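The residues making up each chain are set out below.
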Amino acid sequence: MRRRSLLSILLSIFLIGECAGMLALLSISAAGQQVSKVVAFPLKAKSVRFAAFGDNGTGGQEQYDVAQQMVRQRVMFPFDFVLMLGDNIYGSDTAADFRRKFEDPYKPMLDAGVKFYASLGNHDNPNQRLYKPFNMDGKRYYSFRKENVEFFALDSTYMDPVQLAWVEKQLSASTAEWKICYFHHPLYSDGKFHGPDRDLRARLEPILTKAGVSVVLSGHEHFYERLKPQQGIYHFIIGNGGQLRYRDLKPSQDIAKGFDTDRGFALFEVAGDELYFQALSRTGEIMDSGMIQRAAAPKAP
Amino acid sequence: MNRCVLIAALSLPFIASIASAQGPPTPKDTAILKDFETRVSAYMKVHRAAEADVAALRKTASAKEIASRQAELAESVRAHRPAKQGDIFTPEVAGEFRRLVAMTMKGPNAARVKKSLKSAEPVELSLKVNDTYPERAPLQSTPPTLLMNLPKLPPELEYRVVSRALILLDVKAGILVDFVPDLIK
């Protein structure tokens, strides 16, 4: 994990060149030591660009810092919408709370026409589904499509047989090349405090794998974690949009990348068969990046 | 029809494993569950009558309107239903739910369900029928395997876990409809 330090001022040098068909960005330390290779966004025409975070609605300064960093990033990476991974409004949910925990911090993005698509977390009043700026259309779970990507926002706090049947039906009917599911409770996690929701995994994962879901985004754990693919699905936990559980990640062979020392968010670009991602801290440091190649669609039985 | 088939297909492995361990429901079990359904239907009549007396909850950009209309609906339900614990979960119904929950908590998936409950941020609350679920308290997620083994509810109602109790929550009004204490073990 990289940390900011007075002694190691990072100089970012852009190396413009072909590297597997994309731009490569190298971060070099003051001592000249290469610290990481960052996969940059291709910013292709008609690509699907979005941001994601969870556990954001605290109303605290850190949430505002994340929001401001997102606005700064949007100048370079103009994303169109944001996926909210639950715990959108912590504590009370009066009009003043919605203002302090959602409308004010994200005002520059809301004013710029960025849409927010929420899912429900365990700290959320289910009637948030009626709040128009969350774009839930009055539903606890729903789907929407952008170009070649279909997004499925699920309610992991109440995965009853009706919702499971809905998920299976909607996923199997989807003709999108990319199917991305997002919900609050992670199916896999290396958090010490919560850990994975094993029963949810047992019921939901077979449906997701059968339908060819590529990516799952979750929150609940107050850190960032990207796991090595599990049953062919890439899992991201981005539960540090406002909350933080400091150093809560435990060592695990399943971790592809983890970041548990500050708040942050993630950016995504789906360009054809490639999905690019970057996870950023609230100070703008790129903590993780990469590209996922879409797997071939599962064959019909 | 398709949805029913799908739900049945999803439930089959679990029901089969339970049936082998616990045996199928007896006619008495079936009658008690029918009584539960009747009581839930009666509650929904009250809920709809209460809803008719207040401004409807609807999609809006006003968080203030959502909060105030939810509170009005809760007040209206209370006015229509001076209830006490056990009105829906009668001793017989509570006993049947103990049997159903025990299938999950002692069956082959028990360890997984218990871990799931633990990871879902357990909640401690003092429970009182008709009280508003505290907005500052999280809603603990209910394990899907547990939900698969409980009677189906209308969309306005949900089973939720609070500590060791199973509660019936009116999610629209945000109020506690009834509960069975000390059920989740």
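Parameters and conventions
- Residues numbered from 1 in each chain as written.
- Chains lettered and ligands numbered in written order.
- Predicted model: local features only at pLDDT ≥ 70, side-chain atom pairs only at ≥ 80, totals over all residues.
- Helix = DSSP H or I, 4+ residues; strand = E, 2+ residues; numbered from the N terminus.
- Buried ≥ 20, exposed ≤ 12 C-beta atoms within 10 Å, placed from the backbone.
- Pairing = 2+ DSSP bridges.
- pLDDT = per-residue confidence, 0-100.
- Contact = placed C-beta atoms within 7 Å.
- Nonpolar A, V, L, I, M, F, W, Y, C, P; charged D, E, K, R; others polar.
- Axes fitted to C-alpha atoms, helices over the stretch in contact; angles between N-to-C directions.

1. Let's talk about the overall build of chain B
Helix and strand counts for chain B stand at six helices and three strands. Moving toward the C terminus, one meets the helices and strands of chain B in the order α-α-α-α-α-α-β-β-β. In chain B, which comprises 185 residues, the share counted as buried stands at 36%.

2. Here we look at the environment of A:Trp166
Residue and element names in this part refer to chain A. Along the chain, Trp-166 falls in helix H4 (residues 161-173). The class of Trp-166 is buried, set by 20 C-beta atoms lying within 10 Å. Separated by 25 residues in sequence, Trp-166 and Tyr-141 have C-alpha atoms that sit 9.0 Å apart.

3. Section: the pairing of strand S1 (residues 157-162) of chain B
Residue and element names in this part refer to chain B. Across the six residues of S1, five count as buried, placing the element largely inside the fold. Pairing between S1 and strand S2 (residues 165-170): six bridges, direction antiparallel. Counterpart to Glu-158 in the pairing with S2 is Leu-169. Linking S1 back to S2 in an antiparallel pair, the connection comprises two residues, with Ser-163 at a positive phi of about 55 degrees.

4. Considerations on the confidence of the model for chain B
Low-confidence regions, as indicated by low pLDDT, have predicted coordinates that should not be scrutinised in detail. Residue and element names in this part refer to chain B. Looking at chain B, pLDDT values average 88 and 88% of them are 70 or higher. The least confident element of chain B, judged by mean pLDDT, is helix H1 (residues 2-22) at 41; the most confident is strand S3 (residues 175-180) at 98. Counting contacts from residues 1-21, a segment whose pLDDT is below 50, to residues more than four positions away or on other chains yields 21 contacts. In the predicted assembly, ipTM is 0.87 and pTM is 0.88.

5. Some points on the interface of chain A and chain B
Taken together, the contacts link 36 residues of chain A with 37 residues of chain B. Breaking the side of chain A that touches chain B down by element, the ones donating at least two residues are helix H2 (95-103), H4 and helix H5 (198-210) of chain A. Among the residues forming the side of chain A that touches chain B, the class breakdown is 14 nonpolar, 13 polar and nine charged.

6. Some remarks on the sheet that holds S2(B)
Residues and elements named next belong to chain B. Ordered by their spatial adjacency, three strands build an open sheet running S1-S2-S3, and the pairing between neighbours is antiparallel. In this open sheet, the two strands that pair with only one neighbour each are S1 and S3. Each adjacent strand pair in this sheet contributes to an overall mean axis angle of 30 degrees, direction not counted. Two elements, S2 and S3, share five bridges in a ladder whose sense is antiparallel. Residue pairing for S3: Ile-167 is matched across the bridge by Phe-179.

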